[in-house]
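# Summary of the model geometry
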Amino acid sequence: MRIYTAENYDEMSEKAARIIAAQVIVKPECVLGLATGSSPVGTYQRLVERYKAGKLSFAGVTTVNLDEYKGLSGTHDQSYRYFMQHNLFDHVDVRPECTHVPNGLAEDAEAECERYDAFVRSLGCADLQLLGVGRNGHIGFNEPC
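These numbers come from a predicted model, not from an experiment.

Rules used in this analysis
Residues numbered from 1 in each chain as written. Predicted model: local features only at pLDDT ≥ 70, side-chain atom pairs only at ≥ 80, totals over all residues. Heavy atoms only, no water. Helix = DSSP H or I, 4+ residues; strand = E, 2+ residues; numbered from the N terminus. Contact = heavy atoms within 4.5 Å. Pairing = 2+ DSSP bridges. 1 Å grid on protein atoms, 1.4 Å probe; cavity = no way out; pocket = protein on both sides within 12 Å on 5 of 7 lines; lining within 4 Å. Points joined across faces, edges and corners; volume = space filled by probe spheres on them. Nonpolar A, V, L, I, M, F, W, Y, C, P; charged D, E, K, R; others polar. Buried < 20%, exposed > 50% of the residue type's maximum accessible area, 1.4 Å probe, protein only. Right-handed = clockwise from strand over helix to strand, strands pointing away.

If you trace the backbone, Thr36 turns up in the loop between strand 1 (31-34) and helix 2 (41-52). Residue contacts for Thr36: discarding those within four places in its chain leaves Asn65, Asp67, Tyr80, Phe83 and Met84.

On the basis of which strands lie adjacent, the open sheet formed by four strands has the order 3-2-1-4 and parallel pairing. Every other strand in the sheet has two partners, leaving strand 3 (99-100) and strand 4 (128-129) as the edge strands with one partner each. As judged from the two bridges shared by strand 2 (residues 62-65) and strand 3, these two strands associate in the parallel manner. Each bridged residue has a counterpart across the sheet, and for Val64 the counterpart in strand 3 is His100.

Before going further, it helps to spend a moment on empty space enclosed by the protein. Overall, the coordinates contain one cavity of 30 Å³ or more when judged by the stated rule. The space that makes up the largest cavity amounts to roughly 30 Å³. Of the residues contributing to the lining of the largest cavity, the split by class is seven nonpolar, one polar and no charged.

All right, on to the pairing of strand 1 then. A regular strand places its side chains on the two faces of the sheet in alternate fashion. Residues Val31 and Gly33 of strand 1 are buried on one face, and the alternating residues Leu32 and Leu34, pointing to the opposite face, are buried as well. Relative to strand 2, strand 1 runs parallel, the two sharing four bridges. Bridge pairing in strand 2 places Leu32 opposite Thr63. Following the backbone out of strand 1, through helix 2 and into the adjacent parallel strand 2, one traces a crossover that is right-handed. In this structure, strand 1 lies alongside strand 4, joined through two bridges in parallel fashion.

Pasting the structure below:
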């Protein structure tokens, strides 16, 4: 693991976008683990800018997201699928069938988790995992004590 530091949010967003863009350029068929929340928004904006400038293509990329809210459809404006569509997927050339978020409407949440875990394992390791850290130090829903 490498830890990068930045002076502020803009610098952090740019550094993260550079790292992700480099991964996609080096391995166009890479698997990206992506995150939601306020931390990655600036990074996603910079990736979209690179795509629109013709400097980056997501056509071969497969994405997997960490989580989804139980009971929300992917079209609900509070869902993580919606977040990803709105902040990244709708603005780049990633193939919809290669973007993966757990199904928040699955009848059997435990079975959905098992299915999703098996799918992620079938991809092998993510080539790069983006994680945000909340103001209180949490990663995902893993809150500090």
